[in-house]
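Spelled out from the first residue to the last, the chains are:
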Amino acid sequence: MSIIVALDAKSHDDAMAIAGQLDPELCRVKVGKELFTHEGSSIVKALHGEGFEVFLDLKFHDIPNTTAQAVCAAADMGVWMVNVHASGGRKMMETCVERLKAGNYNTQLIAVTVLTSMGREDLADIGLDVEPFEQVKRLAKLTKESGLDGVVCSAQEAKMLRETLGSEFALVTPGIRPEGSNADDQKRIVTPKQAMLDGSTHLVIGRPITQAENPNQMLKDILATL
């Protein structure tokens with residue numbers, strides 16, 4: 001079980017200020033679209049320089065060759081983990097896995113199933129008349145069959161996925177909120193302890209840690225509940 005702290009910052013300085021209050025021995029960090037678009041690979045290098053393992057959360061989704069090239073570019077940066085959208089399909093995911101193997105990269109590759117902000121009505125809008133957990137199950141199964149290391153999923157689906165996909169498959173769960181904290185814009189949320197009990201392997205936590213008075217103490221407090 002590990003905690004990945006989401007660095008929801010706009011600039012290099014903001015991100016490094018947050019990272020500077022965290023112990024790289026206790027967590028990994030996530031660099032998402034906003035920060036990476038502002039700062040590029042330099043932020044990843046800076047975080048590596050401080051001893052952090054980085055999850056590059058860019059959710060690639062394109063034709064197989066383009067997606068695989070992007071995944072390998074992330075691996076060239078030395079990131080610990082990178083992700084794609086499982087809805088890009090089997091061929092796209094398999095091509096990414098093949099290229100990573102061919103390059104002897106150690107980077108973990110996972111796929112996003114259904115975004116945690118989406119409910120049934122959102123899926124209906126894009127032509128999928130199913131409950132989110134049914135679509136998650138379908139895409140997670142496809143991800144495993146395609147040879148990836150795991151999926152991003154809601155912690156509420158972790159138990160079902162753990163039973164379906166076995167013990168070796170990584171379940172990376174955002175939408176984690178410690179007892180008593182604000183749900184913000186996440187629709188499907190779970191506490192850290194419950195997520196762990198349900199089979200999550202990596203907990204993605206942002207604002208409850210990064211906006212705490214003492215981020216590293218909050219990190220320790222959460223770890224103590226696990």
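Procedures and definitions
- Residues numbered from 1 in each chain as written.
- Predicted model: local features only at pLDDT ≥ 70, side-chain atom pairs only at ≥ 80, totals over all residues.
- Heavy atoms only, no water.
- UniProt positions renumbered as here; feature names shortened; annotations may be inferred.
- Axes fitted to C-alpha atoms, helices over the stretch in contact; angles between N-to-C directions.
- Helix = DSSP H or I, 4+ residues; strand = E, 2+ residues; numbered from the N terminus.
- Left-handed = near helix turned anticlockwise from the far one by under 90°.
- Contact = heavy atoms within 4.5 Å.
- Nonpolar A, V, L, I, M, F, W, Y, C, P; charged D, E, K, R; others polar.
- Buried < 20%, exposed > 50% of the residue type's maximum accessible area, 1.4 Å probe, protein only.
- Arc of directions from axis to C-beta.

Per an unreviewed UniProt entry, the protein is named Orotidine 5'-phosphate decarboxylase, and its organism is Acinetobacter celticus. We quote the UniProt Function (unreviewed entry) comment for the protein here in full: "Catalyzes the decarboxylation of orotidine 5'-monophosphate (OMP) to uridine 5'-monophosphate (UMP)." Taken verbatim from the UniProt record of the protein, the Pathway (unreviewed entry) comment is "Pyrimidine metabolism; UMP biosynthesis via de novo pathway; UMP from orotate: step 2/2."

Caption draft 1: How the structure looks around the packing of helix 5 (residues 90-102) against helix 7 (residues 132-145). One can describe the packing of helix 5 onto helix 7 by two numbers: an axis separation of 9 Å at closest approach and a directional angle of 35°. As helix 5 runs across helix 7, the sense of the crossing is right-handed. For the pair helix 5 and helix 7, contact is made by R90, M93 and E94 and by L142, T143 and E145, respectively. Class assignment for the residues of the contact of helix 5 with helix 7 results in two nonpolar, one polar and three charged.

Caption draft 2: Highlighting helix 3 (residues 41-49). Among all positions of helix 3, only I43, V44, A46 and L47 are buried. Looking down the long axis of helix 3, one finds its buried residues gathered within 160° of arc, a one-sided arrangement. For helix 3, the exposed residues set more than 90 degrees away from the buried face come down to K45 and G49. Packing partners of the buried residues in helix 3 comprise helix 1 (12-19), strand 2 (28-31), helix 2 (33-39) and strand 3 (54-60).

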